[in-house]
Amino acid sequence: QQHNVTSYGATTAAIISLEALAGMWINAFIVCVLCIGWVQKKTLNSNEKILLLLGCSRISSLFFSWAYSFLSKVYPKYFYVRPVLQLAEFFQAFFNHCNLWVSACLCVFYCIKIANFRNRFFIYLKVKIDRIVPWLLLGSGVLALTIGIVAYDIADKPYCNNHTSSRQGNFGKLNIKMDKHFFPSFFLAGFAYAASFMAVIMSAVFLLFSLWRHKRKMQTKSMKNLSMDAHIKAMKSILSFLVMYSINFVCFVLKMVYVTKKLSHMTFLIVVFQYMFSGLHSLILIFSNPRLEKTLLKIL
């Protein structure tokens, strides 16, 4: 049985490591191309700023998630100590939520930039979007930092309780299941998932409505083709992200259900998809961006 457990753990670690490396390579490609362009042009547009930060956050998210999974299985005695576990929880929560919120910012940016509405507030956002983007990214970072601090605090409570119990001689309490202490963190993370998910859904709905209105009103074929292409490209990026985001949200909920089950095949499938999520969506972003697609095809 010990041999089977070891084989299962080795197989899991190998698959997760391959997925993490592939995802980091894809996002590193986006970051490198954008940085080279930044050096050449001395400037970045709003779309490139979001993509650059998204690529960096996904590289960091994949790395810390992989390190968390690897160290917790290979070196559990050195991992579940203070402050290693607390710092691991902080960085994992921070970069995961940076990834979520920056992705949502990208969808909102596409919606405001491409959709056409006569509402005064929407027109104001459309005009000021380039100035709003840095504040959106800053807000995403602050929210992610807040969740990271809360995750650190929640991870620190079991350690404090166990340390106090050992001093008092209540060694029976040392076997506290840490899983129940992470439920508040799961709840907070679920709220962040739901809020960013709603932003993506609203962006998709507004773009679809704008596309429908445009299709009805435009009569000139050339104008129709230009605007239709812009709408369709944005919809591909947002809808692909919406589909993967929906599955990722379901995986997050299932992960809360199976979190107490060690070596569960369901947990393994959930983790596999979550690692796949960042790489797949980044590939879609590459092929929806002419410059990134052209550079990738040259390399291949």
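Residues numbered from 1 in each chain as written. Predicted model: local features only at pLDDT ≥ 70, side-chain atom pairs only at ≥ 80, totals over all residues. Heavy atoms only, no water.

1. Concerning the UniProt feature "transmembrane region" (unreviewed entry) in the chain
Argument step 1. Under the local residue numbering, the UniProt record ascribes the feature "transmembrane region" (unreviewed entry) to residues 20-39, 51-71, 91-112, 132-152, 186-212, 238-260 and 266-288.
Argument step 2. For residues 91-112, the helix share is 100%, the strand share is 0%, and the end-to-end C-alpha distance is 31 Å. (UniProt positions renumbered as here; feature names shortened; annotations may be inferred. Helix = DSSP H or I, 4+ residues; strand = E, 2+ residues; numbered from the N terminus.)

2. Some points on empty space enclosed by the protein
Argument step 1. Tallying each qualifying case throughout the model produces one cavity of 30 Å³ or more.
Argument step 2. By volume, the largest cavity is sized at about 40 Å³.
Argument step 3. As for the largest cavity, its lining consists of A13, I16, S17, W66, S69, F70 and K73.
Argument step 4. At the level of elements, α1 (2-41) and α2 (46-74) are the ones that each hand at least two residues to the lining of the largest cavity.
Argument step 5. Ranked by the residues each element gives to the lining of the largest cavity, the list is headed by α2, at four residues.
Argument step 6. Of the residues assigned to the lining of the largest cavity, the class counts are four nonpolar, two polar and one charged. (1 Å grid on protein atoms, 1.4 Å probe; cavity = no way out; pocket = protein on both sides within 12 Å on 5 of 7 lines; lining within 4 Å. Points joined across faces, edges and corners; volume = space filled by probe spheres on them. Nonpolar A, V, L, I, M, F, W, Y, C, P; charged D, E, K, R; others polar.)

3. Some words on the environment of I16
Argument step 1. For I16, the position within the fold is in helix α1.
Argument step 2. Put simply, I16 and V272 are 256 residues apart on the chain and 6.5 Å apart in space, counted from C-alpha to C-alpha.
Argument step 3. With near-sequence residues (within four places) excluded, I16 lies in contact with W66, S69, V271 and Y275. (Contact = heavy atoms within 4.5 Å.)

4. A few points about the environment of V200
Argument step 1. Note that V200 resides in helix α6 (residues 183-217).
Argument step 2. Along the primary structure V200 and C105 are separated by 95 residues, whereas in three dimensions their C-alpha atoms are 8.4 Å apart.
Argument step 3. Beyond its immediate sequence surroundings of up to four residues, V200 is in contact with A104, C107, I238, F241, L242 and Y245.

5. Here's the deal with the nonpolar core
Argument step 1. Within the largest apolar cluster, 45 residues are counted, with the highest numbers of intra-cluster contacts made by V200 and Y245.
Argument step 2. Elements with a minimum of two residues in this core: α1, α2, α4 (84-114), α5 (120-168), α6, α7 (221-258), α8 (265-287) and α9 (290-299).
Argument step 3. The element contributing the most residues to this core is α4, with 10 residues. (Core = buried A, V, L, I, M, F, W, Y, C linked by side-chain atoms within 4.5 Å. Buried < 20%, exposed > 50% of the residue type's maximum accessible area, 1.4 Å probe, protein only.)

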